[in-house]
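# Fold and contact review
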Amino acid sequence: MDKKETIGLNEEFLNNAEDQANKLEKLLLMSYEEAKKDGKIIGKISRYGEVKVEENSEIEFIIDPSTYYSEPDAPFHKVGDYLIIIDPKDLRKVLIRIKSIIRKDELAAIGLEPPISQIVNSIEPRGLITNTLVKGELVLEMSKDDKSPRPATKSIEPQSPVVDPNPDILIKLLDLPKEGITFGALSTPSGLVKNGQIPVRLPLSALYHHILILGTTGSGKTTLLKNMIVSMYNQLEKHPISIIIDLNQDFVQLPIPNNISPAPQEVVKSCYKDVRQLKGIISVVPISYDLIENKLDTNKIDINRTLKEIAKKYFYETFSPLINDNILFNQIENYKIMAMETKNPFRLIFIPYVINTLETSTDSLSPLLPGLTPLAKDLLKKMREKFKKNHGVYSPIQAIYGALSIFVDKSIYKSFNKNSSYYSKTNYDEKDELLEQALEYVKPYIINSDNIDIENLKIGNYNFTFLDAIGEYIDILLKARPHEETIKALYRRISSLIETQVIDILIRQQNKLVLINEPDWGTIVNIANDENIPIVLDLKWGLDFAGFDALRAVTYRTLDKLISWKHKSWAQRIETPNIMTIIDEAHQFFQNESKVKEDSDAIRQVSAMISKIARLGRARGVGLIFSTHSTSDLNDIILQLANTKVILRTEKSQLEKISVPKEAMEYLPRLQDRMMLIESFAFRMGYVFAQTTTPLTAHYDISANITYY
Ligand SMILES: Nc1ncnc2c1ncn2[C@@H]1O[C@H](COP(=O)(O)OP(=O)(O)OP(=O)(O)O)[C@@H](O)[C@H]1O
Ligand SMILES: [Mg+2]
């Protein structure tokens, strides 16, 4: 409009107002045009309420009855679903998450009742022909020039169109991570968003800040973990090696296909396309003393052959419905460690695992002796270091046990007390009843030693015998004169460590004692990396009757070895694969202090160990995923150190120690199977709901021996 033509102030004002209205009309129309491109217009911001944008603000809009009833399952029917607003000022798109949906029978509200009728409770359909008021929280917004969305803070105009967005627009506005481990499809607490077309992934960087998965029994924790692993191996070119601590043989099934197709199929199609079972696994199987003793042919002591027999037995017993009797197991020659493999029906690399302490410093031994008092630890250190100084290596742990046994047995100890230089290197030949007694204590822990004198048998290729070791330890004890309580405390810990049956396994082979080597975790990870298959630490098969001390010892040892290998490699600038460690049923390994009162020292030491592993893991690329059904049984430190929390169906009482967004909390006890809330710094909105499918690979209870699904 030509300004010169206007006369007088009032005229100008009016004209400008007219201009303004024209301009705004144009803008509004443009926003509706834009809205149509982005999806389906379903309503507009209310003209009546005020539109206030502030921290945590809510916005209201109205949906007319014909839109409201046009489809049975629309986003505006569901709390938690997403819509967008196009603001006419700058045509910016604003993402909102629905918080409440308000329906009202307005006829009833103004007192209009249906005509009196004989039918009791007669219905009045016209009462429902009313507008729906929807309230949503503002989440993120994005203008045309923005590369990624920013927090929604700008004012929003009344009458702005509200849109049910197309999936691509929604994906842009949600700004979900484009790469990473797939957790499932974006959902609301009640069901899929956009029919499962939007994958929820967690970037690998978040993995190294550790994850906690929480959910009641049967809510789908193990299913989720398995789906995460198979999708990672199938979908990510570069990914960490997963190491799974498997208590129930759930994860050894990863190479087995699922006989029934996973559901819902729409989620399979959009989130797990082409995801199939893995080509193989490495089973690291702790081998107990008993197992070796049972399989050993005493006529011809061939340890490799025995381990091969055990590998066969393992494969047969674990996968018997799947395989025939003639499994060919070959020893893999070119690895530095003992490993066997078979190729049919899938690749299985079997690595027998035992702990060997001959190269383990006393500090690194402490995770295996949780609850050891500082005095007892000092004593242990003194004994071991002195021995190492003399022989260049530590002794088998049984020698310490043998020496301590004598001191614990009071009557024997007294006779030692009378003559403190009772034993010395010079009177080897005059060996005494008491030393013989000590050897007897040790003998049950040496395979194939029945009716044999072991006193002159050298250990491994070293130049010492058990008699030497026990003798030296007795000398040290006599000299140090530790308090009786200290000896007892150390004795208790050492004997329960020996009872695990997986530590320092000695076998008499002709005239020497052979010690089985501990496979090196660095080598195992490198094999897994070359083969591109995960590692399963199978704690069920070999240790079924061993008790939890054994399972914990092997688990702590594994974590300790992995982290020190990563750390050492880093210090030497050697590149190594990153690791994703999965600990299903984590409360069994990392218990809570309040639950195990009598052993709170042990629990505190374990907490310190987890903190150290978590801290180093962040820096060196070892991510930890803990899964549990119970926060009250789980060591509190894990709740604090896991930066991403995945919550499947969970009772409120289990959520007290976790900060959960208030509006999401209500839904958690009622979630369906495999539905989850994921809280993570990796998500722009802070949290999302997602749903995974039924297992993508076989998932059955091996111990119950039921058929494969
Ligand atoms: N293919 C399948 N189709 C449908 N449901 C399945 C399928 N496989 C497993 N389920 C169901 O999923 C649930 C088990 O899930 P999962 O084993 O992942 O739970 P969990 O949270 O690990 O439980 P727990 O605490 O007992 O270990 C069971 O209720 C099981 O019946
Ligand atoms: Mg489970």
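Residues numbered from 1 in each chain as written. Chains lettered and ligands numbered in written order. Predicted model: local features only at pLDDT ≥ 70, side-chain atom pairs only at ≥ 80, totals over all residues.

This part takes up the overall build of the protein. Helix and strand counts for the protein come out as 21 helices and 25 strands. A globule of 709 residues ought to have a C-alpha radius of gyration of about 27 Å, yet the protein, at 34 Å, is considerably larger. Based on the C-alpha atoms only, the size of the protein along its principal axes is roughly 125 × 65 × 55 Å. Going through the 709 residues of the protein one by one, you find that 44% of them count as buried. For the protein, long-range pairs separated by at least 24 residues make up 76% of all intrachain contacts whose partners lie at least 6 apart in sequence. (Helix = DSSP H or I, 4+ residues; strand = E, 2+ residues; numbered from the N terminus. Rg over C-alpha atoms; globule rule 2.2 N^0.38 Å. Buried ≥ 20, exposed ≤ 12 C-beta atoms within 10 Å, placed from the backbone. Contact = placed C-beta atoms within 7 Å.)

Another aspect to go through is the packing of helix H12 (residues 397-408) against helix H14 (residues 433-442). Two elements in contact, H12 and H14, have axes whose closest approach is 8 Å; the angle formed by their N-to-C orientations is 130°. In terms of orientation, H12 and H14 fall into the oblique class. As for how H12 packs across H14, the hand of that crossing is right-handed. Between H12 and H14, the residues in contact are Gln398, Ala399, Tyr401, Gly402, Ala403, Ser405 and Ile406 and Leu434, Gln437, Ala438, Leu439, Tyr441 and Val442, respectively. A breakdown of the residues in the contact of H12 with H14 according to their chemical character gives 9 nonpolar, 4 polar and no charged. (Axes fitted to C-alpha atoms, helices over the stretch in contact; angles between N-to-C directions. Parallel < 35°, antiparallel > 145°, perpendicular 65-115°, else oblique. Left-handed = near helix turned anticlockwise from the far one by under 90°. Nonpolar A, V, L, I, M, F, W, Y, C, P; charged D, E, K, R; others polar.)

Let us look at the pairing of strand E23 (residues 644-647). Here E23 shows two buried faces, one formed by Thr644 and Val646 and the other by Lys645 and Ile647. Relative to E23, strand E10 (residues 211-214) runs parallel, the two being bridged by 4 bridges. Across the sheet, the residue bridging to Leu214 is Ile647, located in E23. (Pairing = 2+ DSSP bridges.)

With that settled, consider the sheet that holds strand E19 (residues 512-515). In spatial order, the strands read E16-E18-E19-E17; together these 4 strands make up an open sheet with mixed pairing. Of all strands in the sheet, those with a lone pairing partner are strand E16 (446-447) and strand E17 (458-459), marking the two edges. Two strands pair when backbone bridges link them, and strand E18 (residues 506-509) and E19 are joined in this way by 4 bridges, in the antiparallel orientation. The residue bridging Ile507 from the neighbouring strand is Val514, located in E19.

On to the domain arrangement of the protein. Along its sequence, the protein is organised into domain 1 (25-174), domain 2 (182-304 + 535-707) and domain 3 (362-515). Look at where the C-alpha atoms of domain 1 and domain 2 centre, and you get two points 40 Å apart. Contacts between domain 1 and domain 2 engage 12 residues on the former and 11 residues on the latter. Mapped onto the side of domain 1 that touches domain 2, the elements with two or more residues apiece are strand E5 (132-142) and helix H4 (167-174). Top contributing element to the side of domain 1 that touches domain 2 by residue count: H4, with 3 residues. (Domains from an automatic or database assignment.)

Time to look at the site of ligand 1. As a structural note, the neighbourhood of ligand 1 is formed by 15 residues, with Thr217, Lys221, Thr222, Thr223 and Thr694 the closest of them. Per-class residue counts for the shell around ligand 1 are 3 nonpolar, 10 polar and 2 charged. (Near = placed C-beta within 6 Å.)

Our focus in this paragraph is the nonpolar core. Grouped together as the largest cluster of nonpolar side chains are 194 residues, with contacts concentrated most on Leu95, Ile282, Ala403, Ile470 and Ile638. Of all the elements, helix H18 (residues 548-571) adds the most residues to this core, at 9 residues. In contact with Leu95, other than residues within four places in its own chain, are Tyr82, Ile84, Val139, Leu140, Glu141, Pro149, Ala152, Leu173 and Leu174. (Core = buried A, V, L, I, M, F, W, Y, C linked by C-beta atoms within 7 Å.)

The next point concerns the pairing of strand E9 (residues 199-202). Both faces of E9 are covered, namely the face carrying Pro199 and Arg201 and the face carrying Val200 and Leu202. Across 4 bridges, strand E8 (residues 181-187) lies against E9 in antiparallel orientation. Bridging across to E9, Gly184 finds its partner in Val200.

Attention shifts here to the environment of Arg557. As for its placement among the helices and strands, Arg557 is situated in helix H18. Put simply, Arg557 and Leu365 are 192 residues apart on the chain and 8.4 Å apart in space, counted from C-alpha to C-alpha. Setting aside anything within four residues of it in sequence, one finds Arg557 in contact with Ile355, Pro367 and Leu368.

Further remarks concern the confidence of the model for the protein. Summing up the model confidence of the protein, the mean pLDDT is 88 and the portion of residues at 70 or higher is 90%. Considering only residues more than four positions removed or in separate chains, one finds that residues 1-8, a stretch of pLDDT under 50, has 5 contacts. This model gives residues 422-431 a pLDDT under 50, and the stretch forms 6 contacts once residues within four places in sequence are excluded. (pLDDT = per-residue confidence, 0-100.)

Another point: the environment of Leu696. Relative to the elements of secondary structure, Leu696 occurs in the segment after strand E25 (687-691). A count of 25 C-beta atoms within 10 Å places Leu696 in the buried class. Separated by 465 residues in the primary sequence, Leu696 and Ser231 have C-alpha atoms spaced 8.9 Å apart. If near-sequence neighbours (up to four positions away) are discounted, Leu696 is found in contact with Asn227, Val230, Asn258, Pro262, Tyr272 and Val275.

Looking now at H4. Within H4 the residues assigned to the buried category are Leu170, Lys172, Leu173 and Leu174. Just downstream of H4, Asp175 is the residue with a positive phi angle, here 55°.

A few words on unusual backbone geometry. Of note, the amide linkage connecting Ala263 to Pro264 takes the cis form, showing an omega dihedral of -5°. Residue placement: Pro264 occurs in the loop between strand E11 (241-246) and helix H7 (265-271). A cis amide bond, omega -5°, links Asn344 with the succeeding residue Pro345. Topologically, Pro345 is positioned in the loop between strand E14 (340-342) and strand E15 (347-353). For Asp175, which is not glycine, the phi torsion reads 55° and is therefore positive. Here Asp175 is to be found in the loop between H4 and E8. Taking the number of C-beta atoms within 10 Å as the measure of exposure, Asp175 has 18 and is therefore partly exposed. If you check the backbone angles, Asn451 has positive phi at about 55° while not being a glycine. Exposure remark for Asn451: the 4 C-beta atoms within 10 Å place this residue in the exposed category.

In this fold, Thr362 is placed in helix H10 (residues 362-365). The exposure class assigned to Thr362 is partly exposed, which follows from the 19 C-beta atoms found within 10 Å. Spatially, the C-alpha atom of Thr362 lies 57 Å from that of Ile96, the residues being 266 residues apart in sequence. If we ignore the near neighbours within four places in the chain, the residues touching Thr362 are Leu380, Lys381 and Arg384.

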